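Observations on the three-dimensional arrangement
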Amino acid sequence: MEKSGLDFYDDEAVFTNYTEHRQRLDTPNDTLEKPVMMDLIGIITDKRILDLGCGDAAIGREFLDRGAASYVGLEGSHKMAALALQTLAGTSGQVIRQEIETWTYPPAAFDLVIARLSLHYVADLKRVFSNVRQTLDRQGQFVFSVEHPVITSCDRGWKAGTLRQDWVVDDYFKTGLRVTNWLGAYVKKYHRTIEEYFYLLQEAGLRIKDLREARPQLQHFHDIQTYERRKRIPLFLILAANKGK
Ligand SMILES: C[S@@+](CC[C@H](N)C(=O)[O-])C[C@H]1O[C@@H](n2cnc3c(N)ncnc32)[C@H](O)[C@@H]1O
C-alpha cells in the first residue's frame, strides 16, 4: 500500500533506512543538492527562515549558528519532527508538526522560505506557492529543490536496492501521481515538467531568479567514481524566486 510523503517517513523501516542513507559518504544531498541550495540562498545573517518539510532540521541548526535571526521547520512526519526537535535543542529554532498543504502561513513573516526535496510529495503546489508568496516579506526569497523531472517521470529500469545502471525517461508529459518503491516501501510522488514548475511559480506571483540542475562539481566529492557516475543524469532541479511586486 503506497504512502503519502509524510506517512512514508513515519514508517519504522523507511525512517531507519533514510537516516542511515543520509549518513553515507558522498550522498547526492551533500555533493549535489546542498552546495547549489547554499549558493542560491547566499547570505543568511539576520534572516527569518521557514523550511518546508525540514526533515532532521540540520540545516536549521547550521543557519542559526551562522547568524540567522530565526528558523522555523515545518514537518509532517512525527518521527522527523521529533528528530528535528532534538537537532534544534538549545537553539531558538522551532519545529511545527504540520503539513505543508494545510499550515496557516502568517503574512509577510519570513525573509527566506526553503523546501529541500519535499515538494514533489505535494499534490497541489499552486496553493503552496501562493501561501509562500504571502508569507514572504518584501524582498523575500524562495529557494527549493525537487527530484529532477527526468527522474520522477518514470522508475522503470530501477530495481530498488540496486545501483541504477540505466535510466528510462518516459511519460514525461503525463504529469501527476507516481508510485515508487524506495527504502523499503511504496511512496506517492508527483511528477511535473520543468515548465510546469516555472509556470506555477509565475502564476503565484513569484519571480524566477535562477534555475539549476545540480551539475556535479569535483570539489564536493571524496570518491572520483561517484563523481563520474553523477555526470550521467541530473538528479535534482533547484529553483530560486523572489516575491514579485
Ligand atoms: C527527502 S526528506 C528531506 C528532508 C530535509 N528537507 C532535507 O533535505 O534534509 C522530505 C521531508 O519532507 C517531509 N514531507 C513530505 N511531505 C510533506 C508534507 N506534505 N508536509 C510536511 N512535510 C512533508 C517528509 O516527512 C520528510 O521529512
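Residues numbered from 1 in each chain as written. Predicted model: local features only at pLDDT ≥ 70, side-chain atom pairs only at ≥ 80, totals over all residues. Heavy atoms only, no water.

**Topic: the sheet that holds strand β3 (residues 94–97)**
We count it as follows: Two strands qualify as a pair provided DSSP detects at least 2 bridges between them. Under the scheme used here, helices are H or I runs from DSSP no shorter than 4 residues and strands are E runs no shorter than 2 residues, and both carry numbers assigned from the N terminus. Every axis in this analysis is a line fitted to C-alpha atoms, fitted for helices over the stretch in contact. Angles between the N-to-C directions lie between 0 and 180 degrees. Should any heavy atoms of two residues lie within 4.5 Å, those residues are considered in contact.
Spatially, seven strands are ordered β3-β2-β1-β4-β5-β9-β8 in an open sheet, and the strand pairing comes out mixed. Sheet topology places β3 and β8 (206–212) at the edges, where each strand pairs with a single neighbour. Neighbour-to-neighbour, the strand axes of the sheet open up by a mean angle of 15°, direction not taken into account. Against the sheet, helix α4 (residues 58–65) makes contact with β1 (48–52), β2 (70–75) and β4 (110–116), and its axis sits at roughly 175° relative to β2, the strand it touches most.

**Considering the environment of F144**
Mapped onto the elements of the fold, F144 is located in strand β5 (residues 136–147). A C-alpha to C-alpha distance of 9.1 Å links F144 and L52, two positions 92 residues apart in sequence. Sequence-distant contacts of F144, defined by excluding residues within four places in its chain, comprise M37, A115, L119, F129, Y197, L201, L237, I238 and L239.

**Concerning the pairing of β4**
Put simply, the rule is: Burial here depends on accessible area, computed with a 1.4 Å probe over protein chains only, as a share of the maximum for the residue type. Under 20% is buried, over 50% is exposed, and the range in between is partly exposed. The path from the first strand over the helix to the second decides the hand: if it runs clockwise while the strands point away from the viewer, the crossover is right-handed.
The buried fraction of β4 amounts to seven of the seven residues, a majority that puts the element mostly inside the structure. Alignment of β1 against β4, held across three bridges, turns out to be parallel. Its bridge partner lying in β4, I49 is registered against L112. As defined by bridge partners, β4 adjoins β5 across six bridges and the pair is classed as parallel. Bridge pairing in β5 links F110 to L136. Once the chain exits β4 it traverses helix α6 (residues 125–135) before rejoining the sheet at β5, and the crossover so formed is right-handed.

**Thoughts on the UniProt feature "domain: Methyltransferase type" (unreviewed entry) in the protein chain**
Test applied: UniProt positions are given in the numbering used here, feature names are shortened, and annotations may be inferred rather than shown by experiment.
Per the UniProt entry, the sites bearing "domain: Methyltransferase type" (unreviewed entry) are residues 50–144 in this numbering. Across residues 50–144, helical content stands at 32% and strand content at 31%; the span's end C-alpha atoms are separated by 11 Å.

**Things to note about the site of the ligand**
Rules: In this text, near means that some heavy atom of the residue lies within 4 Å of the molecule or strand in question. Counted as a polar contact is a pair of N or O atoms within 3.5 Å, where, for protein atoms, one must be capable of donating a hydrogen and the other of accepting one, and residues adjacent in sequence contribute only when both atoms are in side chains. Per-residue accessibility takes into account occlusion by the displayed protein chains alone, with areas from the Shrake-Rupley method and a 1.4 Å probe. Residue polarity is assigned by list, with Asp, Glu, Lys and Arg as charged and Ala, Val, Leu, Ile, Met, Phe, Trp, Tyr, Cys and Pro as nonpolar; anything else, Gly included, falls into the polar class.
Neighbouring the ligand are 20 residues, the closest being R22, G53, E75, E101 and R116. Contact distances for the ligand include 3.0 Å between a nitrogen atom and a backbone N or O atom of I100. Contact with the protein chains hides 97% of the accessible area of the ligand, taken as 590 Å² for the molecule alone. Where the shell around the ligand is concerned, the elements lending two or more residues are α1 (5–10) and α2 (12–23). Broken down by element, the residue count for the shell around the ligand peaks at three residues, all from α1. Looking at the shell around the ligand residue by residue, the classes come out as eight nonpolar, seven polar and five charged.

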